[in-house]
Amino acid sequence: MQITKDAIVAALADAPAPGVGREIVNSFADVVIDGGNVTLKLGFPAAGCRDELAAWAKQRFDTAGVPVAAAAIDWDIGVHAVQGALKPLPGVKNLIAVASGKGGVGKSTVAVNLALALAAEGARCGVLDADIYGPSQPRMLGLEGRRPTSPDGKHIDPLVGHGLQCMSIGFLVDQETPMVWRGPMVTQALTQFLNDTNWDDLDYLIVDMPPGTGDIQLTLAQRVPVSGAIIVTTPQEIALLDARKGLKMFEKVDVRILGIVENMSTFICPECGHHEAIFGEGGGQRLADQYNVPFLGALPLDIRIREQTDGGRPTVVAEPDSEIAREYRKLARHAAAELAAGGTAAFPKIEIED
């Protein structure tokens, strides 16, 4: 059997790839065939499972009788489709909104760890703190008390924490100063942060949304090029009710839902390690099933996550080899793969080198 496009598709299709959570043939950015060697270029970063994916692909090729001598994994993150006729932001390939229908579900913690996980997987990432009334990213990234600079008096250079470019109203006002602003002022501030920040060649800009479905959410959905949205919820029904509203809002404005994240899925006892579903269980999966969107994963309620974000070193950087950090990285790969799969053709260009 020759190494052909059809043979590669047949060998890798209809099987979830390890560490990704879905099949990857529709997430390829490119495939390069060089003699008996095949390099699969993904449309999403996968540093954490590169070797595992390569071994899995080689095994699939062997089983299918495709004569591949060696399989390798690389990636090339492209610009994916956004809603309407909007164009991507300068310096930003893809903007992902992390939203929730209500407060208190750990959305900001998920957002910052998601960005750090994508960066750990090999992407260039940033975070925009869109919660004007309650900014939390400066503290989570260990950037409290710092002020951004403006090289030309018109644009602002983002601050950098743990390798992430970040912009937040929290950098410009005292942390004890309440933002007593009406809706138009808030939306103007958000628009300026997005357009007037010197984002530097980002693969992903993660937007930490405020809770609810108000002015900021509508501004983002209607005026800002959003590649996809992630909905964060907790398992209990009251949170799921509000999460549905957030999901439906993005659907109405044609923003793609990349998936549901169930946060605080189980409580992990710090003394004995016992897991207890104190908020119920399975709510995020049921919501995903109901609306036919991906379930990206479940994250625990663990005191270490709170302590680490409060201390300015979120879990992905504080304990990169921990089980929780691995879950964040798996979630990041799954979300990025969903985004890549939705914005590509049925199969990529294939280059055959002599």
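Residues numbered from 1 in each chain as written. Predicted model: local features only at pLDDT ≥ 70, side-chain atom pairs only at ≥ 80, totals over all residues. Heavy atoms only, no water.

K.L.:
Please explain the overall build of the chain as it appears in this structure.
P.N.:
For the chain, the helix and strand inventory stands at 11 helices and 14 strands. Taking 20 Å as the expected radius of gyration for a compact globule of 354 residues, we find that the chain reaches 21 Å, a close match to that expectation. Overall, the chain is about 70 × 55 × 35 Å in size when its C-alpha atoms are taken along their principal axes. In the chain, of all internal contacts separated by at least 6 residues, the share reaching a separation of at least 24 is 76%. With the model as given, the accessible surface of the chain reaches about 15,200 Å², and the carbon-plus-sulfur share is 49%. Put simply, the chain has 31 plus and 44 minus side-chain charges, and the middle of one group is 4 Å from the middle of the other. (Helix = DSSP H or I, 4+ residues; strand = E, 2+ residues; numbered from the N terminus. Rg over C-alpha atoms; globule rule 2.2 N^0.38 Å. Contact = heavy atoms within 4.5 Å. Areas by Shrake-Rupley, 256 points an atom, 1.4 Å probe, with all protein chains shown as cover. Lys, Arg positive; Asp, Glu negative; His and termini not counted. Charge placed at Lys NZ, Arg CZ, Asp CG, Glu CD.)

K.L.:
Explain the environment of Ala111 here, please?
P.N.:
For Ala111, the position within the fold is in helix H3 (residues 107-120). Ala111 sits 107 residues away from Leu218 along the chain, and the two C-alpha atoms are 19 Å apart. With residues near it in sequence (within four places) discarded, Ala111 still touches Val98, Gln137, Ile206 and Asp208.

K.L.:
What am I meant to see in the pairing of strand E5 (residues 125-129) here?
P.N.:
Two faces belong to every sheet, and in a regular strand the side chains alternate between them. Burial within E5 is extensive, with 5 of its 5 residues counted as buried. Residue alternation in E5 divides its side chains into two sets, Cys125, Val127 and Asp129 and Gly126 and Leu128, and both sets are buried. For E5 and strand E8 (residues 202-208), the ladder comprises 5 bridges, and the chain directions are parallel. Bridged to Leu128 within E8 is Val207. (Buried < 20%, exposed > 50% of the residue type's maximum accessible area, 1.4 Å probe, protein only. Pairing = 2+ DSSP bridges.)

K.L.:
Teacher, can you tell me more about the pattern of salt bridges here?
P.N.:
Considering all chains together, one arrives at 13 salt bridges under this definition. Between Lys107 and Asp208 there is a salt bridge; the shortest N-O distance is 2.8 Å. Taken together, the residues Lys107 in helix H3 and Asp208 in strand E8 connect sequence positions 101 residues apart. The pair Lys107 / Asp208 is uniform in exposure class, with both members buried. Where Glu327 meets Lys330, a salt bridge forms, and the shortest distance between an N and an O atom there is 3.5 Å. Remark: Lys330 and Glu327 occur in helix H11 (residues 323-342); sequence separation between them is 3 residues, near one turn of the helix. A relative accessible area of 25% places Glu327 in the partly exposed class. Exposure remark for Lys330: the relative accessible area of 38% places this residue in the partly exposed category. (Salt bridge = Lys/Arg side-chain N within 4 Å of Asp/Glu carboxyl O.)

K.L.:
Just to check I follow, could you spell out the nonpolar core for this structure?
P.N.:
It is characteristic of soluble globular proteins that their nonpolar side chains tend to be buried jointly. The biggest cluster of nonpolar side chains holds 112 residues, and the ones touching the most others in it are Phe44, Leu53, Tyr204 and Leu205. If you tally residues by element for this core, the top one is H11, at 9 residues. (Core = buried A, V, L, I, M, F, W, Y, C linked by side-chain atoms within 4.5 Å.)

K.L.:
Sorry if this is basic, but what is going on with the packing of helix H7 (residues 237-252) against helix H8 (residues 283-291) here?
P.N.:
If you want to describe how two helices pack, look at the angle between their axes and the distance between the axes. Between H7 and H8, the least distance of the axes is 11 Å, while the angle of their chain directions is 35°. Every pair of crossing elements has a handedness; the one defined by H7 and H8 is right-handed. Contacts from Glu237, Leu240, Ala243, Arg244, Leu247 and Lys248 of H7 reach H8 at Gly283, Gly284, Arg286, Leu287, Gln290 and Tyr291. Partitioning the contact of H7 with H8 into residue classes produces 5 nonpolar, 3 polar and 4 charged. (Axes fitted to C-alpha atoms, helices over the stretch in contact; angles between N-to-C directions. Left-handed = near helix turned anticlockwise from the far one by under 90°. Nonpolar A, V, L, I, M, F, W, Y, C, P; charged D, E, K, R; others polar.)

K.L.:
What's the story with the side chain of Ser265 in this structure? I'm lost.
P.N.:
Within the secondary structure, Ser265 is located in the loop between strand E10 (257-262) and strand E11 (267-268). In this structure Ser265 comes out as buried when scored by relative accessible area, which is 11%. Among the polar contacts listed, one links the side chain of Ser265 to the side chain of Glu262, at a separation of 2.7 Å. Apart from the residues within four sequence positions on either side, Ser265 is in contact with Pro235, Ala277, Gly280, Ala298, Leu299, Pro300 and Leu301. (Polar contact = N/O pair within 3.5 Å; in protein donor to acceptor, adjacent residues only side chain to side chain.)

K.L.:
Teacher, can you tell me more about H3 here?
P.N.:
Note that an α-helix has 3.6 residues per turn; residues three or four places apart therefore point the same way. For H3, spanning 14 residues, the distance from its first C-alpha to its last is 20 Å, which sits close to the expected 20 Å at 1.5 Å a residue. Here H3 lies mainly inside the structure; 12 of its 14 residues are buried. All of the buried residues in H3 are Lys107, Ser108, Thr109, Val110, Ala111, Val112, Asn113, Leu114, Ala115, Leu116, Ala117 and Leu118. Just past H3, the residue Gly122 takes up positive phi, approximately 120°. (Expected span 1.5 Å × (residues − 1).)

K.L.:
Would you mind showing me how to read the environment of Gln137 here?
P.N.:
Position of Gln137 among the secondary structure elements: in helix H4 (residues 137-140). For Gln137, a relative accessible area of 0% translates into the label buried. Taking the C-alpha atoms as reference, Gln137 lies 8.0 Å from Val127; in sequence the two are 10 residues apart. Contacts of Gln137, omitting those with residues within four sequence positions, involve Ser108, Ala111, Val112, Val127, Asp129, Cys166 and Asp208. Polar side-chain contacts of Gln137 include one of 3.0 Å to the side chain of Asp208.

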